[in-house]
Amino acid sequence: MTKPAELDLYIFPGATFNGDVETWTWKVDDTPVNITGYTAQALVTDGFGGTARLSLTSAGGGLVLGGSAGTIAPVLSAADTAALWTSHGASLSQASVYAGRAAYLLGPWNLELTSGGGIVTRLLQGKCYLVPEA
């Protein structure tokens, strides 16, 4: 069993969030895992076990898998990130500061990969924040 790494995400509404900004690589003993044939899902909820606020999948869009390189890259357009703030911003409270700017907790998140044989591995988990423009 792989212990998930802790990683907090900071999404800037109105800015593109993609592989140029954030890419993750699954490695074992410093060697990338071949994830050809895997599917992936990243999920942000309004609380542990709560309602989804953001769901990205390799099958439905939002995550791009890099096969033998073991990479996973999110794909969110500037319009998609702006919509997160439009949909949820009014209900969020400032929970942190990022580079001197208010960061609002969207919720806990995780990234899970599922092998062709149905084995689910949680690779990453943490908190997801929105950092709106000043």
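Described below are features of the structure shown in this document. Since the model is a prediction, treat every value here as computed from it, not as a measurement.

## Thoughts on empty space enclosed by the protein
And step 1. Taken as a whole, this structure holds one cavity of 30 Å³ or more when the rule is applied.
And step 2. Of the volumes computed, that of the largest cavity is approximately 80 Å³.
And step 3. Along the walls of the largest cavity sit Leu9, Ile11, Phe17, Trp24, Ala42, Leu43, Val44, Leu54, Leu56, Pro74, Leu76 and Trp109, which together make up its complete lining.
And step 4. Elements with a contribution of two residues or more to the lining of the largest cavity: strand 2 (9-11), strand 6 (39-45) and strand 7 (52-57).
And step 5. Per-element accounting of the lining of the largest cavity gives the leading share, three residues, to strand 6.
And step 6. Class assignment for the residues of the lining of the largest cavity results in twelve nonpolar, no polar and no charged.

## A few points about the pattern of salt bridges
And step 1. Scanning all chains against the criterion turns up one salt bridge.
And step 2. Its salt-bridge partner being Glu112, residue Arg122 comes within 3.0 Å of it at the nearest N-O pair. Placement of Arg122 in strand 12 (residues 120-130) and of Glu112 in strand 11 (residues 101-114) is noted, with a sequence separation of ten residues between them.
And step 3. Arg122 sits in the partly exposed class, given a relative accessible area of 31%.

## Considerations on the environment of Gln94
And step 1. Position of Gln94 among the secondary structure elements: in strand 10 (residues 94-98).
And step 2. The spacing of Gln94 and Trp24 is 70 residues in sequence and 27 Å in space, taken between C-alpha atoms.
And step 3. Every residue in contact with Gln94, bar those within four places of it in the chain, is listed here: Ala102, Ala103 and Tyr104.
And step 4. At 3.4 Å, the side chain of Gln94 forms a polar contact with the backbone oxygen of Ser96.

Criteria and cut-off values
- Residues numbered from 1 in each chain as written.
- Predicted model: local features only at pLDDT ≥ 70, side-chain atom pairs only at ≥ 80, totals over all residues.
- Heavy atoms only, no water.
- 1 Å grid on protein atoms, 1.4 Å probe; cavity = no way out; pocket = protein on both sides within 12 Å on 5 of 7 lines; lining within 4 Å.
- Points joined across faces, edges and corners; volume = space filled by probe spheres on them.
- Helix = DSSP H or I, 4+ residues; strand = E, 2+ residues; numbered from the N terminus.
- Nonpolar A, V, L, I, M, F, W, Y, C, P; charged D, E, K, R; others polar.
- Salt bridge = Lys/Arg side-chain N within 4 Å of Asp/Glu carboxyl O.
- Buried < 20%, exposed > 50% of the residue type's maximum accessible area, 1.4 Å probe, protein only.
- Contact = heavy atoms within 4.5 Å.
- Polar contact = N/O pair within 3.5 Å; in protein donor to acceptor, adjacent residues only side chain to side chain.

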